[in-house]
Amino acid sequence: MRKGDATRARILGEAARQAAVKGLSAVSLGDVAEGVGLSKSGLFKHFDSKEAMQLAVVEQVMDRFTEFVWRPAEALPAGCARLEVIFDRWLDWSESEWVEGGCPILALSFELDDQPGALRDSLQKRLLQWRKTLMREFRATAEPPLAEAEAAAAYFQMKSYVLGHSEARRLMGDPDARASARGAFQALLDRTSRKAA
């Protein structure tokens, strides 16, 4: 990786970390520059505006999420085997990858859901792609494949378990949060695959 690319990656990593803690709109160029040991003018060599950096943060977070959650499952058979790994990696994403601020995608979703513009559009587009991918995986849990509406409902439940796990673990301090989420998800897989049996 070239030095410029490595510096840009460090900037985006620091901006994403800060966004997960205090929200994307509260992240200043000065705070990010200080966090990576650059001057503010040095940061402008990589991003010509705060908005350009914010947009790059959204894309970088989603790219990192894809690498962390999807890639380890990609080579597995479609359906239950793949979904089990995806779910565990999704829980790991919020537990171990973002210890300080929690899942930045969740933080971005709350912040941008009622803020029309390029940032919201970018996040929404990537989340819709993720939804489509997981619906395809849920369809593959059954033979014949689940109907679209059933796959959509299963995706909704899966994501609800991830969000519930995050709240239970981070806010409520529930030591059994992961086990509860895992049990609920396994029951969901059992239901979708039994429907086809």
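Use the structure listed above.
Here, residues in each chain are numbered from 1, in the same order as that chain's written sequence. For a predicted model such as this one, the threshold for reporting local features is a pLDDT of at least 70, and the threshold for listing and counting side-chain atom pairs is 80 or more; totals across whole chains, interfaces and linings nevertheless cover every residue. Note that water and hydrogens are dropped before the side-chain values are worked out from all heavy atoms of the structure.

A. The environment of Gly164, seen in detail. Working definition: helices are DSSP H or I runs of at least four residues, strands are E runs of at least two. Numbering for both runs from the N terminus. Within the secondary structure, Gly164 is located in helix α8 (residues 148-171). Along the sequence, Gly164 and Ala177 sit 13 residues apart, while their C-alpha atoms lie 8.2 Å from each other.

B. Structural context of the pattern of salt bridges. Every case where a carboxyl oxygen of Asp or Glu lies within 4 Å of a side-chain nitrogen of Lys or Arg is listed as a salt bridge. Inspection of the entire model under this criterion finds 14 salt bridges. Between Glu14 and Arg17 there is a salt bridge whose closest N-O contact spans 2.8 Å. On the criterion of helical spacing, the pair formed by Glu14 and Arg17 is a turn pair, its members being three residues apart in helix α1 (residues 3-22). Note on classification: 1.4 Å probe, protein chains only; a residue is buried when its accessible area is under 20% of the maximum for its type, exposed when over 50%, partly exposed between these limits. The buried category is assigned to Glu14, whose relative accessible area is 13%. Taking relative accessible area as the criterion, Arg17 reaches 31% and is therefore assigned partly exposed. Taking the shortest distance from any N to any O, the salt bridge between Arg126 and Glu59 comes out at 2.7 Å.

C. Focus on the layout of surface pockets. Cavities and pockets are found on a 1 Å grid laid over the protein atoms alone: a cavity is a set of points where a 1.4 Å probe fits but cannot escape, a pocket is an open set with protein on both sides within 12 Å along at least five of seven lines, and a lining residue has an atom within 4 Å of such a point. Grid points are joined across faces, edges and corners, and a volume is the space filled by probe spheres set on the points. There is about 450 Å³ of room inside the largest pocket. In terms of lining residues, the largest pocket is bounded by 23 residues, among which Ile105, Ser109, Leu123, Leu127 and Lys159 are the most central. Mapped by element, the contributors of at least two residues to the lining of the largest pocket are α5 (80-97), α6 (104-112), α7 (118-139) and α8. In this classification, Asp, Glu, Lys and Arg are treated as charged, Ala, Val, Leu, Ile, Met, Phe, Trp, Tyr, Cys and Pro as nonpolar, and every other residue, Gly included, as polar. A class-by-class count of the residues in the lining of the largest pocket yields 15 nonpolar, four polar and four charged. Its boundaries defined by the atoms lining it, the second largest pocket holds a volume of some 160 Å³. Lining the second largest pocket we find Met62, Phe65, Thr66, Trp70, Arg71, Arg126, Gln129, Trp130, Thr133 and Arg136. Elements that contribute at least two residues to the lining of the second largest pocket include exactly α4 (50-74) and α7. Here the lining of the second largest pocket is composed, by residue class, of four nonpolar, three polar and three charged.

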